Amino acid sequence: MGFFDGLRPGRAGDFDSGSAASNAIELTKRHSQVSLTKQDAATGHLRINLAWRMRTSDFGGNPRESLLRHPLKALRPPEVIGHSQSMVNVDLDLGCLYELADGTKGVVQPLGGLLGEINAAPFVKLSGDDRFGSASGETIYVNLDHRDSIKRLLVFVYIYDQTPAFDRTHAIVTLYPSNGPRIEIGLDERHPQARSCAVVMIENVKGEMMVRREVRFVYGFQAELDRLYGWGLQWGRGYKTKAER
């Protein structure tokens with residue numbers, strides 16, 4: 001059993017426009033933020049989804065060598081391999097540190113069953129815990145009709161138990177605003193020993209809801225992300241119950 005953290009109760013909107021076909025904004029190091037307010041998307045429910053699958057390069061040997069031996073493979077569409085526990089021994093969880101305008105701070109995450117509330121503070125709700133990387137993944141909903149009550153939200157991903165394997169998974173966090181294109185943040189940097197990643201910050205900046213790419217991998221868990229971003233919560237070791245697993 002690995003160790004991980006559980007909460008102890010106690011300006012410019014530059015971005016990659018993406019393609020018309022995909023209707024997506026990709027946040028990158030160079031173009032790292034976008035304004036939901038300027039997209040008229042700072043109302044309604046913002047859906048934040050985590051999905052992942054195994055990298056296809058992990059299977060079948062060297063892809064370049066494979067194409068040399070079987071050139072017709074280049075004409076086939078790429079195979080998308082959904083993972084199961086037998087294929088990759090990893091459980092990615094989606095979470096969110098929140099800070100409200102009144103100073104209230106906390107976390108929404110599967111660990112501890114801290115699933116939040118959508119129509120009451122913190123106005124952030126986790127749909128549940130996906131342990132096997134299903135097509136739907138894990139989803140957090142943010143009620144932006146209460147955006148004036150929200151100061152900042154840090155969306156993060158961590159590996160519950162098992163061996164660190166960010167470098168073996170193709171994970172992507174996608175934001176679906178109430179209006180306009182979806183926003184994609186790929187976790188495609190190679191950090192094989194990392195156990196957590198701060199993915200995106202959603203912040204109320206003088207009434208403007210900004211989305212900023214972070215993608216900061218750390219080798220610890222939520223307490224280390226807390227320290228990096230100055231949340232100031234108290235953390236202890238946490239474990240999922242048998243039912244949660």
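This one's a predicted model, so the numbers in the text were calculated from it and none came from an experiment.

## Focus: unusual backbone geometry
Part 1 of the argument: Looking along the chain, the bond that leaves Ala 121 and enters Pro 122 is cis, with omega of 15 degrees.
Part 2 of the argument: Tracing the backbone shows Pro 122 in the loop between strand 7 (116–117) and strand 8 (124–126).
Part 3 of the argument: For Asp 40, which is not glycine, the phi dihedral falls at a positive 55 degrees.
Part 4 of the argument: Relative to the elements of secondary structure, Asp 40 occurs in the loop between strand 3 (33–35) and strand 4 (45–54).
Part 5 of the argument: For Phe 123, which is not glycine, the phi dihedral falls at a positive 65 degrees.
Part 6 of the argument: Turning to its location among the elements, Phe 123 is positioned in the loop between strand 7 and strand 8.

## Concerning the confidence of the model for the protein
Part 1 of the argument: The pLDDT averaged across the protein works out to 77; a share of 66% of its residues lies at or above 70.
Part 2 of the argument: Under a pLDDT of 50 for its full length, residues 70–88 has, in the predicted model, 28 contacts with residues more than four places off or in other chains.
Part 3 of the argument: When the criterion is pLDDT under 50, residues 129–135 qualifies, and its contacts beyond four places in sequence or with other chains add up to 24 contacts.

## Topic: the packing of aromatic side chains
Part 1 of the argument: One pass over the full model with this rule turns up one aromatic pair.
Part 2 of the argument: Sitting above the plane of the Tyr 176 ring, Arg 47 keeps its charged end 4.0 Å from the centroid.
Part 3 of the argument: Over the face of the ring belonging to Trp 231 we find Arg 152, whose NZ or CZ atom lies 3.7 Å from the ring centre.

## Re the pairing of strand 13 (residues 196–205)
Part 1 of the argument: Judged by how many residues are buried, strand 13 sits mostly within the fold: eight of ten residues are covered.
Part 2 of the argument: Note that strand 10 (residues 150–159) and strand 13 share seven bridges and pair antiparallel. Note that in strand 13 the partner of Leu 153 across the bridge is Ile 202.
Part 3 of the argument: Alignment of strand 13 against strand 14 (residues 208–218), held across nine bridges, turns out to be antiparallel. In the strand pairing of strand 14, Val 205 is matched with Glu 208.
Part 4 of the argument: Connecting strand 13 to the next strand, strand 14, in antiparallel fashion are two residues, including Lys 206 with a positive phi near 55 degrees.

## Thoughts on the environment of His 191
Part 1 of the argument: By secondary structure assignment, the location of His 191 is in the loop between strand 12 (182–187) and strand 13.
Part 2 of the argument: Linking His 191 and Arg 216, residues 25 residues apart in sequence, is a C-alpha distance of 10.0 Å.
Part 3 of the argument: The residues touching His 191, leaving out its near neighbours within four places in the chain, are Phe 166, Phe 217 and Tyr 219.

About the cut-offs
Residues numbered from 1 in each chain as written. Predicted model: local features only at pLDDT ≥ 70, side-chain atom pairs only at ≥ 80, totals over all residues. Heavy atoms only, no water. Helix = DSSP H or I, 4+ residues; strand = E, 2+ residues; numbered from the N terminus. pLDDT = per-residue confidence, 0-100. Contact = heavy atoms within 4.5 Å. Phe/Tyr/Trp six-rings, centres within 6.5 Å; stacked < 30°, edge-to-face > 60°. Lys NZ or Arg CZ within 6 Å of the ring centre and 35° of its normal. Buried < 20%, exposed > 50% of the residue type's maximum accessible area, 1.4 Å probe, protein only. Pairing = 2+ DSSP bridges.

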